[in-house]
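# Understanding the architecture of this molecule
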Amino acid sequence: MIGIRTESAAPAKVPLRQAALTLLAGGALAQLLPLLLGPLIARLFTPEAMGVFTQFATVAATLAVAASLRYEQALPLARHDAAGDAEAHALLALSLRVLLVAVAVSVPLAWALHVLGWLALPAWLPLAVGVAGALQVLMLWANRASRFKALAVSRVVQYGGAAALQLAGGWALWRGVAAGRDAAWTLVAATVLAQVAAGVWLCRPAPVGGWWAALKVPGQRLKAVARAHKDFALVNTPHAFLGTLQDALAVALLVAWAGDAAAGFWGLALRYLKAPATLVGQAVSQALYPRLVAAGAAEGQRLVRQMMALLGAVALAVMLLLLLAGPWLFERVFGAPWREAGELARALAPYIAVHLVASPLAVVTMAWRAQRWAFRLAVVGQVIFMAALALGLWQGGLIGGAWAVSAAMVPYFGWYFWRLTRWHQVSAPTTGGRA
């Protein structure tokens, strides 16, 4: 494939508001299909099938988030001149090569997890890790090129397409091809296929010489950029990995405590409750990240506080809705078997609210080169989360665990927000960066 322009041509500057609105519009549309089709999907799959899918998805996400050692996150930092383009090309090559290694490692790992009884559908894991990891790299490559419209379209294809394919597969299974727990494979297949389709939208501009050339950068050059951006591998990767590992461990704890159905309730509730945080967070962070890189201390803090206030207003409305009507909404929308997921939603509402605000702000510490601090804080938060969930499950069952998580995580995130609004060690702006 040949790029539609040379890499040395700097992308046009896109105002933060325009970029954020473009990505938010794509995120909103991407949510529309899952929201419309979700009730039908829930009626076609049992809580046990959803539980198996949740187990698989959390394991795959845990591996995929670290599959390229997060080197793709450094792509927006590269300047738009000849030296910066060469650095971006090397970062792309490094990310893809590390991803190939991760896919190879996931083959024996999938078998081992399956033998231990911790993973269903092991044959799908290497493919899921490879596709999700490649999509991450392509998203940051498109972000560097300011292709915000393509990012918005890819998000619609990824999330909306997965929902449509899950509905189609569920309909076939409902008609007698398979049933119950054994139907979980179609949920996995739909997700993988939708991610493949989403990646197609992000393949341009191709690197100079085409995508195959991205794998032919000399090893010495790869070592140089790996050393220059080692914090992404040594600090940001463990940070992101532990974040997704928390989800996988939480699901494993729920399965051990109450079986696949409990994991299905948890998975359905969090999938829909975290969808706004995921979609809004990705959109806002992709627009905010390059702006923070190019901003000085005063402007950077102003941008963070402005975004925090905006997200806080949305989060408050979401929390109140769930507290007042969570169980009723889930029963009416997904059917009577899913009312317990609504009880979970009510108990998790405060946690979901602060998570919605925190999700886009992960890029702030990357832009301000404060990843080590963020990593240490995240480890503390994950320990608090798992301890609260375990204690709540022991004392009050599934719903007790959810309330315990909210009670523990609200003050934790409150302190995190307070520190960001008063952060003084902001890195100097990157010259030549995109404003």
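Every chain is numbered on its own, with residues counted from 1 as its sequence reads. Reporting of local features is limited, given that this is a predicted model, to residues whose pLDDT is at least 70; pairs of side-chain atoms are given and counted only at 80 or more, and all residues count toward the totals for whole chains, interfaces and linings. Values reported for side chains reflect all heavy atoms of the structure, with hydrogen atoms and water molecules removed beforehand.

## Details of the packing of helix α4 (residues 125-144) against helix α6 (residues 184-200)
Only the contacting stretch of a helix is used when fitting its axis, a line to C-alpha atoms as for every element, and angles between N-to-C directions run 0 to 180 degrees. Helix and strand assignments come from DSSP, with helices taken as H or I runs of at least 4 residues and strands as E runs of at least 2, each series counted from the N terminus. For the pair α4 and α6, the least separation of the axes is 9 Å and the interaxial angle reads 30 degrees. Accordingly, the angle class assigned to the pair α4 and α6 is roughly parallel. As for the relative orientation of α4 and α6, their crossing is left-handed in sense. Listed contacts from α6 to Leu-127, Ala-128, Val-131, Ala-132, Leu-135 and Leu-138 of α4 are Val-192, Gln-195, Val-196, Ala-198 and Gly-199. Charged residues are taken to be Asp, Glu, Lys and Arg, nonpolar residues to be Ala, Val, Leu, Ile, Met, Phe, Trp, Tyr, Cys and Pro, and polar residues to be all remaining types, Gly included. Residues belonging to the contact of α4 with α6 are distributed by class as follows: nine nonpolar, two polar and no charged. Oblique is the label for every angle not falling under 35 degrees (roughly parallel), over 145 degrees (roughly antiparallel), or within 65 to 115 degrees (roughly perpendicular). Note on convention: near helix rotated counterclockwise from far helix by under a right angle means a left-handed crossing. Clockwise means right-handed. Contacts between residues were defined by any pair of non-hydrogen atoms, one from each residue, lying within 4.5 Å.

## Regarding the layout of surface pockets
Cavity means a closed set of points on a 1 Å grid over the protein atoms alone, one where a 1.4 Å probe fits but cannot get out, pocket means an open set with protein on both sides within 12 Å along at least 5 of 7 lines, and lining means a residue has an atom within 4 Å of a point. Grid points are joined across faces, edges and corners, and a volume is the space filled by probe spheres set on the points. In this structure, the second largest pocket spans a volume of roughly 440 Å³. Along its surface, the second largest pocket is lined by 21 residues, and Val-59, Leu-113, Trp-118, Ala-248 and Ala-252 are the ones closest to its centre. Those elements that provide at least two residues to the lining of the second largest pocket are α2 (47-64), α3 (82-115) and α8 (230-258). Sorting elements by how many residues they give to the lining of the second largest pocket places α8 first, with eight residues. Within the lining of the second largest pocket, the residues separate by chemical class into 15 nonpolar, four polar and two charged.

## Side note on the confidence of the model for the protein chain
Summing up the model confidence of the protein chain, the mean pLDDT is 84 and the portion of residues at 70 or higher is 89%. Between the elements of the protein chain, mean pLDDT differs from a low of 76, seen in helix α1 (residues 16-44), to a high of 94, seen in α6. What pLDDT conveys is the predictor's confidence in a given residue, as a value from 0 to 100. Low confidence marks residues 1-9, where pLDDT is under 50. Its contacts with residues over four positions away, or in another chain, come to 22 contacts. Long-range and interchain partners of residues 430-435, a stretch whose pLDDT sits below 50, account for 19 contacts in this model, where long-range means more than four residues apart.

## Re helix α10 (residues 297-334)
Multiply 1.5 Å by the residue count of a helix minus one, and that product is the helix's expected span. Compared with the 56 Å implied by 1.5 Å per residue over 38 residues, the 47 Å span of α10 between its first and last C-alpha is markedly short. Most pronounced at Ala-325, the bend in α10 amounts to some 80 degrees, and the proline Pro-327 follows within four residues. Two residues or fewer after α10 comes Gly-335, characterised by a positive phi angle close to 110 degrees. Bending is quantified residue by residue as the angle between axes fitted to the seven-residue window ending at that residue and the seven-residue window starting at it.

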